[in-house]
Amino acid sequence: MATEKAPSTSYATYLAESSEALFIALDERDNYTYQHCDRVSLLARELGMACGLSQQELDLLAISARFHDIGKIGIPDSVLLKPGALDAEEWALMKMHPVKGERLFRNTLHPHAAEVARIIRHHHECFNGSGYPDQLSGEDIPLASRILLIVDGYDAMSTSRPYHHGRSHSEIMEIMLAEEGQKTDPTLFRQFIQVIANSAARVA
Ligand SMILES: [Fe+2]
């Protein structure tokens, strides 16, 4: 009796990879955000490793990082691609991207869609409860979301946008030190200081 050749990838891998089309859609929509998410994913993994996350937690962190801004697909061009500062009404629209991203990712076939979607929803929550969309604070914010807030902020400040030049490493760290315990989890931020000092993601 002929034996069937085992498929080269497992069904779980197939499901995980099926969400890649969504990531490519982000590249089509906004190449800056696509590249930002790719960089954030690498740096998030470095910080996650330094924080002692398990392999499974690291995998979920990396995929959440890649998709953290996927909700920007649903933000109008006039806001997403505006070559200037946003007004209050435009900010209100932009701040909907974590919830839009949660909805998008929850509907992929990824085997951990619900967990990743929750991390995406909370990636702009601040440690002191002043973030969005749910004003969560402290350890009520998922650990991966707290890691994302730090590495997302570093990458966003280090790159040039139509309305601001990329900042230097020392300028970014000065801003982030002032935000420690307000925006960022102080324990994670102390780890980040060590990680970024030796990371390829550190800017000059
Ligand atoms: Fe975001």
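One can find the structure itself at the top, above this paragraph.
Residues numbered from 1 in each chain as written. Predicted model: local features only at pLDDT ≥ 70, side-chain atom pairs only at ≥ 80, totals over all residues. Heavy atoms only, no water.

(A) Looking closely at the coordination of the iron ion. Within the protein, the iron ion binds to D69 (OD), H97 (NE2), H123 (NE2) and H124 (NE2); these donor distances fall in the range 2.1 to 2.3 Å. Classification of the site at the iron ion rests on its four donor atoms, whose angles at the metal span 85 to 175°, yielding the label irregular. Counting residues between consecutive donors of the iron ion along the chain gives the motif D-x27-H-x25-H-H. Of this pair, H97 sits in helix 7 (residues 97-106) while H123 sits in the loop between helix 8 (113-121) and helix 9 (143-158); the two residues are 26 residues apart in sequence, bridging distant segments of the chain. When its relative accessible area of 0% is taken as the criterion, H123 is described as buried. (Donors = N, O, S within 2.8 Å, 3.2 Å for Na, K, Ca; no water. Tetrahedral: all angles 85-135°; square planar, octahedral: opposite > 155°, others 65-115°. Helix = DSSP H or I, 4+ residues; strand = E, 2+ residues; numbered from the N terminus. Buried < 20%, exposed > 50% of the residue type's maximum accessible area, 1.4 Å probe, protein only.)

(B) Up close: the side chain of T108. In this structure, T108 sits in the loop between helix 7 and helix 8. Residue class for T108 comes out buried when judged on its relative accessible area of 16%. Of the polar contacts made by the side chain of T108, one reaches the backbone oxygen of F105; its length is 2.9 Å. Only 3.3 Å separates the side chain of T108 from the backbone nitrogen of H110, close enough to count as a polar contact. When near neighbours in sequence (up to four residues on either side) are disregarded, T108 contacts S19, L22 and A113. (Polar contact = N/O pair within 3.5 Å; in protein donor to acceptor, adjacent residues only side chain to side chain. Contact = heavy atoms within 4.5 Å.)

(C) Region of interest: the packing of helix 9 against helix 10 (residues 169-179). Where helix 9 contacts helix 10, the axes come no closer than 10 Å and their chain directions differ by 140°. Relative to helix 10, helix 9 is oriented oblique. Classified by chirality, the crossing of helix 10 by helix 9 is right-handed. Between helix 9, through I150, Y154, M157 and S158, and helix 10, the contact on the second element is made entirely by H169, I172, M173, I175 and M176. Residues of the contact of helix 9 with helix 10, tallied by class, amount to seven nonpolar, two polar and no charged. (Axes fitted to C-alpha atoms, helices over the stretch in contact; angles between N-to-C directions. Parallel < 35°, antiparallel > 145°, perpendicular 65-115°, else oblique. Left-handed = near helix turned anticlockwise from the far one by under 90°. Nonpolar A, V, L, I, M, F, W, Y, C, P; charged D, E, K, R; others polar.)

(D) Representation of the pattern of salt bridges. Under the counting rule described, the total for this entry stands at 12 salt bridges. As a salt-bridge pair, D38 and R66 come within 3.8 Å of each other at their nearest N and O atoms. Taken together, the residues span a long stretch of sequence, with D38 in helix 3 (residues 31-50) and R66 in helix 4 (residues 55-66) at a distance of 28 residues. Each member of the salt-bridge network shares a partner with another, and the members are E102, R106, R121 and D134. (Salt bridge = Lys/Arg side-chain N within 4 Å of Asp/Glu carboxyl O.)

(E) Inspection of the nonpolar core at higher detail. Of all hydrophobic cores here, the largest spans 24 residues; its most connected members are L148, V151, Y154, M176 and F192. Among the secondary structure elements, those contributing two or more residues to this core are helix 3, helix 4, helix 9, helix 10 and helix 11 (186-197). Per-element tally for this core: the top contributor is helix 9, with seven residues. Look past the residues within four positions of Y154 in its chain and what remains in contact with it is L43, H169, I172, M173, M176, F192, I196, A201, R202 and V203. (Core = buried A, V, L, I, M, F, W, Y, C linked by side-chain atoms within 4.5 Å.)

(F) Structural view of the packing of aromatic side chains. Under the definition given, this model contains five aromatic pairs. Directly above the ring of Y32 sits R161, whose terminal nitrogen or CZ lies 3.5 Å from the centroid. (Phe/Tyr/Trp six-rings, centres within 6.5 Å; stacked < 30°, edge-to-face > 60°. Lys NZ or Arg CZ within 6 Å of the ring centre and 35° of its normal.)

(G) Molecular detail of the environment of E57. For E57, the location among the structural elements is in helix 4. A relative accessible area of 39% means that E57 is categorised as partly exposed. Between the C-alpha atoms of E57 and D77, which are 20 residues apart in sequence, the distance is 34 Å.

(H) Region of the structure containing the packing of helix 9 against helix 11. At their nearest, the axes of helix 9 and helix 11 sit 11 Å apart, and the two run at 45° to each other. Judged on the interaxial angle alone, helix 11 and helix 9 are oblique. Considering the relative orientation of helix 9 and helix 11, their crossing is right-handed. Where helix 9 approaches helix 11, its residues L143, R146, I147, I150, V151 and Y154 are matched on the opposing element by L188, F189, F192 and I196.

Structural measurements only, silent on function.
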